[in-house]
Amino acid sequence: AGIGKSVAMELACRNARTILACRSRERGQAAVEEIRAATGNPAVLLRLLDTSSLASVRAFAGAVLREESRLDVLVNNAGVTGLPFTITSEGLEQTFTTNYLGPFLLTNLLLG
């Protein structure tokens with residue numbers, strides 16, 4: 001939803017192979033279908049990613065590096081606010097991990 005979906009829509013309009021990295025399979029698939037229908041671009045894909053989990057970030061980055069021959073643009077748009085103080089299963093504060101550590105790790109893993 002929001003900025004991320006708008007960016008994905010614009011990239012797909014330009015006929016780019018576009019990967020939506022989403023926490024929710026249901027919401028992500030709905031966005032993929034909407035973008036494909038609006039743009040006529042079949043190369044809009046869903047991959048699951050939860051930036052509050054460093055294991056999820058590592059798995060996502062590994063899959064992208066294995067499956068894609070190149071990556072031209074990365075838009076880090078995930079973020080949360082107003083959550084109660086929570087520690088992730090990896091022992092990290094959830095908001096900080098979701099908004100900063102996860103995207104930082106993702107970017108660095110994809111740089112190769």
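Structure: above.
This structure is a prediction, so every number in the text was calculated from the model and none was measured.

A.B. asks: Please explain the pattern of salt bridges as it appears in this structure.
C.D. replies: Close approach of charged atoms allows side chains with opposite charge to pair. With the rule as written, the count across this model stands at five salt bridges. With a closest N to O distance of 2.7 Å, Arg-17 and Glu-68 form a salt bridge. Taken as a pair, Arg-17 in the loop between α1 (2–13) and β1 (18–22) and Glu-68 in the loop between α3 (54–67) and α4 (94–110) lie far apart in primary sequence, 51 residues in all. Taking relative accessible area as the criterion, Arg-17 reaches 47% and is therefore assigned partly exposed.

A.B. asks: Any chance you could explain the side chain of Asn-41 here in plain terms?
C.D. replies: If you trace the backbone, Asn-41 turns up in the loop between α2 (25–39) and β2 (44–48). A distance of 2.9 Å separates a polar side-chain atom of Asn-41 from the backbone oxygen of Ala-16. The residues contacting Asn-41, other than those within four sequence positions of it, are Ala-12, Asn-15, Ala-16 and Arg-36.

A.B. asks: What exactly am I supposed to notice about the pairing of β2 here?
C.D. replies: When a strand is regular, its side chains alternate between the sheet's two faces. Taken together, the five bridges between β1 and β2 define a ladder with parallel strand orientation. For Leu-20, the partnering residue across the bridge sits in β2 and is Leu-46. The parallel pair β1 and β2, bridged by α2, forms a crossover whose chirality is right-handed.

Each value, and the rule that gives it
Residues numbered from 1 in each chain as written. Predicted model: local features only at pLDDT ≥ 70, side-chain atom pairs only at ≥ 80, totals over all residues. Heavy atoms only, no water. Salt bridge = Lys/Arg side-chain N within 4 Å of Asp/Glu carboxyl O. Helix = DSSP H or I, 4+ residues; strand = E, 2+ residues; numbered from the N terminus. Buried < 20%, exposed > 50% of the residue type's maximum accessible area, 1.4 Å probe, protein only. Polar contact = N/O pair within 3.5 Å; in protein donor to acceptor, adjacent residues only side chain to side chain. Contact = heavy atoms within 4.5 Å. Pairing = 2+ DSSP bridges. Right-handed = clockwise from strand over helix to strand, strands pointing away.

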